[in-house]
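# Examining the three-dimensional arrangement
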Amino acid sequence: MYRTFQHYLAKELDAIRTAGLYKQERIIRTAQEAEIRVNEGEEVVNFCANNYLGLSNHPRLIKAAQKAMETHGYGMSSVRFICGTQDLHKRLEAAISEYFRTEDTILYAACFDANGGLFEPLFSEEDAILSDALNHASIIDGIRLSKAKRYRYANADMRELEGCLQAAQGQRYRIVATDGVFSMDGNVAPMDRICELAEQYDALVMVDESHSAGVVGATGHGVAELFGLYGRIDLFTGTLGKSFGGALGGFTTGRQEIIDLLRQRSRPYLFSNSLPPAIVGAGIEAFGILKESPALHDQLMENVAYFLDRMQAAGFDIKPTRSAICAVMLYDAPLSQEFARRMQQEGIYVTGFYYPVVPEGQARIRVQLSAAHRKAHLDQAVAAFVKTGKALKVI
């Protein structure tokens, strides 16, 4: 059988290469931070990590991880409900709840698991899930695992969402599911209008804060802070792998009874090993740093404003953004790969995004700003964009 299947796989891979869509993994030989070393020692400035607050190699997190291993060991060798829950897990859940002003939190191995394990335990064929068209793949897959009726509305289109809510009035329970910041474009979901419509049509609200927590809002506490919606959003999911340290781990935080039921029925929680002590200890420290001061968030926002102003003045086509994501639109997949290759030659590490990660004809360079970037890094990046953009006739 495999000979036949192998032929099919080879054809598929050749087609991906021919279309200019084949993804190559690049090797980093240092810790994840603003300046990294790749390949055989090439030094570059990193603009494609989700290291929004610059915590991925923070000495306090490293020390906290080491201390947690010394006191609590390396791994749990168990799921939470058998013998995999440590006091550290409860402390991290409490820190997340405090950060988001929610009643309780449940930890997962990743936000993909949090979203994958969210809908099926809570909703049945009697219910409805209303999902933004640009939601992350993990939300889409989580919804597919549920038997609930599915409604899909165009990205941030409140007229379409209202139509879906009207059509869903025959279902028992309804929930609107959306990303807080859409990872490919950088736009923020209109959570104020979503909550208004949800209240008008008697629906719950869930938001994935993976790219918004630590970034949007006056002090970076996410969409509830940005729009003044504390108490009106029922569920948040998120990750420890971006703003909050950059390692591993996800969570769902929200209303008490929902979290309680997820502990009883959410399959990725019930059947996956507990997060290891090092990850949990560092996570606790990350939230401790953010509680002390909003300085990292302030630096991030300063960097974002400076970079966007320079790039727009240079004439680049950039999608509107209120986040730390800057989508430099190129539209052509092979062009985006060539652009990224030349940028690396200029000492700037970026990635071209193209189908199926983004819709066909919407290829781009996604730049992700960090609090760890200095002004010199930003100036170097803008200069490289201008040089490459002119060489490839983009500007």
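Since this is a predicted model, take the numbers as computed values, not measurements.

### Quick word on the sheet that holds strand S1 (residues 35-38)
Strand pairing in a sheet is mediated by backbone hydrogen bonds. Such pairs are either parallel or antiparallel. Taken in spatial order, the 3 strands line up as S1-S2-S11 in an open sheet, and their pairing is mixed. Of all strands in the sheet, those with a lone pairing partner are S1 and strand S11 (348-349), marking the two edges. As judged from the 2 bridges shared by strand S2 (residues 42-46) and S11, these two strands associate in the parallel manner. Directly across from Val 45, in S11, lies its bridge partner Ile 348.

### Examining the layout of surface pockets
Rolled over the atoms, a probe with the dimensions of a water molecule shows which regions are left empty. By volume, the largest pocket amounts to about 680 Å³. Contributing to the lining of the largest pocket are 24 residues, with Lys 23, Gln 24, Arg 26, Thr 351 and Gly 352 lying nearest its centre. If you list the elements that add at least two residues to the lining of the largest pocket, you get helix H15 (333-345) and strand S12 (352-353). Among the elements that take part in the lining of the largest pocket, H15 stands out by supplying 5 residues, more than any other. Of the residues belonging to the lining of the largest pocket, the class tally is 10 nonpolar, 9 polar and 5 charged. Across the lining of the second largest pocket, the residue classes tally to 11 nonpolar, 4 polar and 7 charged.

### Regarding helix H1 (residues 2-18)
Compared with an ideal rise of 1.5 Å per residue, which puts 17 residues at 24 Å, H1 spans 24 Å between its outermost C-alpha atoms and is within 8% of the ideal. Backbone geometry just downstream of H1 places Gly 20 in the positive-phi region, at approximately 75°.

### Describing the sheet that holds strand S5 (residues 149-153)
Reading across the sheet, the 7 strands line up as S3-S9-S8-S7-S6-S4-S5 and stay open at both edges, with mixed pairing between neighbours. With one partner strand each, in any of the chains shown, strand S3 (104-108) and S5 form the two edges of the open sheet. On average, adjacent strands in this sheet sit at an angle of 20° to one another, irrespective of strand direction. Two elements, strand S8 (residues 235-239) and strand S9 (residues 250-254), share 5 bridges in a ladder whose sense is antiparallel. Residue pairing across strands places Gly 238 opposite Phe 251, the latter belonging to S9. Set on the sheet, helix H4 (residues 87-100) makes contact with S3, S8 and S9; between it and S3 the angle comes to about 125°. Together, strand S4 (128-132), S5 and strand S6 (174-179) form the strand contacts of helix H8 (residues 158-167), whose direction differs from that of S5 by roughly 160°.

Parameters at a glance
- Residues numbered from 1 in each chain as written.
- Predicted model: local features only at pLDDT ≥ 70, side-chain atom pairs only at ≥ 80, totals over all residues.
- Heavy atoms only, no water.
- Pairing = 2+ DSSP bridges.
- Helix = DSSP H or I, 4+ residues; strand = E, 2+ residues; numbered from the N terminus.
- 1 Å grid on protein atoms, 1.4 Å probe; cavity = no way out; pocket = protein on both sides within 12 Å on 5 of 7 lines; lining within 4 Å.
- Points joined across faces, edges and corners; volume = space filled by probe spheres on them.
- Nonpolar A, V, L, I, M, F, W, Y, C, P; charged D, E, K, R; others polar.
- Expected span 1.5 Å × (residues − 1).
- Axes fitted to C-alpha atoms, helices over the stretch in contact; angles between N-to-C directions.
- Contact = heavy atoms within 4.5 Å.

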